[in-house]
Amino acid sequence: MTGLKGWQSTGALTSEEPQWLPVVEGRFRLGVTGSRNFGDRDLVQQALMFLNVGSRVTVVHGAATGADSLVEEVAGVLFPAWDFDPFPADWGRACDAQCRHGGYRPRRRDGSEWCPAAGPIRNEKMAWSGLGLLLAFPGHKGTEDMIRRAKAAGVRVLRVEG
């Protein structure tokens with residue numbers, strides 16, 4: 001399948017429950033990242049079918065619109081036995097030592113403030129949550145941050161390009 005980059009097959013992709021996959025509590029943890037504007041349902045379906053990771057899977061995502069919600073929706077139909085572990089960012093969090101933005105808090109149109117470090121903090125937690133693979137759909141700054149953090153945690157990254 002064209003559009004999948006960074007994958008090096010170990011020859012185990014045709015197995016129902018591949019032995020090379022790391023598991024946490026008996027389940028393979030598949031991370032997902034991508035743009036909030038991503039909406040290519042066919043590409044999500046192709047990528048999930050290509051993986052062939054078996055039935056004991058937990059999909060880990062950032063609980064955002066776009067790629068995260070679309071993967072959960074498509075996987076829920078294709079693989080009803082899969083579980084989901086969302087990691088929502090705490091955009092309203094109080095800033096602390098983890099924040100490196102100098103205390104600046106942007107404002108939304110409604111006037112509410114949000115913490116710019118919330119997304120990277122969430123990505124770091126996801127990266128170190130026992131992921132066996134990160135499926136990276138097209139995205140921007142936040143997607144690239146998640147990819148960088150996953151690689152630093154020793155997680156394989158599979159980029160999916162439409």
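As the structure is a prediction and not an experimental result, all values here were calculated from the model. (Residues numbered from 1 in each chain as written. Predicted model: local features only at pLDDT ≥ 70, side-chain atom pairs only at ≥ 80, totals over all residues. Heavy atoms only, no water.)

**Topic: the packing of aromatic side chains**
In this description, a pair of aromatic rings is defined by centroid distance and the angle of the planes. The line we're drawing: Working definition: a ring pair exists when centres of Phe, Tyr or Trp rings (six-membered ring for Trp) sit within 6.5 Å. Plane angles under 30 degrees give stacked, over 60 give edge-to-face, the rest tilted. Secondary structure elements are taken from DSSP: a helix is a run of H or I of four residues or more, a strand is a run of E of two residues or more, and numbering for both begins at the N terminus. A 1.4 Å probe rolled over the protein chains alone gives each residue an accessible area, and that area as a share of the maximum for its type sets the label: buried under 20%, exposed over 50%, partly exposed in between.
For the structure shown, the criterion picks out 3 aromatic pairs. An angle of 35° between the planes, with centres 5.1 Å apart, marks the rings of phenylalanine 38 and phenylalanine 137 as tilted. Placement of phenylalanine 38 in the loop between strand 3 (27-33) and helix 1 (41-51) and of phenylalanine 137 in the loop between strand 6 (133-136) and helix 4 (141-152) is noted, with a sequence separation of 99 residues between them. In terms of burial, phenylalanine 38 and phenylalanine 137 fall into one category: buried. With centroids separated by 5.7 Å and ring planes inclined at 80°, the aromatic side chains of tryptophan 91 and tryptophan 114 adopt a geometry described as edge-to-face. You can see tryptophan 91 sitting in the loop between strand 5 (83-86) and helix 3 (118-127) and its partner tryptophan 114 sitting in the loop between strand 5 and helix 3, a full 23 residues away along the chain.

**Some details on the layout of surface pockets**
Heads up, the condition is: Only protein atoms enter the 1 Å grid used here, on which a cavity is any set of points holding a 1.4 Å probe that cannot leave and a pocket is any open set flanked by protein within 12 Å on both sides along at least five of seven lines; residues with an atom within 4 Å of a point are listed as lining. Grid points are joined across faces, edges and corners, and a volume is the space filled by probe spheres set on the points. Classification used: nonpolar for Ala, Val, Leu, Ile, Met, Phe, Trp, Tyr, Cys and Pro, charged for Asp, Glu, Lys and Arg, polar for all others including Gly.
When its volume is computed, the largest pocket comes out at roughly 520 Å³. Forming the boundary of the largest pocket are 25 residues, of which Arg36, Arg122, Lys141, Gly142 and Thr143 lie nearest the centre. Looking at the lining of the largest pocket element by element, the count peaks at 6 residues for helix 4. Its residues assigned to classes, the lining of the largest pocket shows 8 nonpolar, 11 polar and 6 charged.

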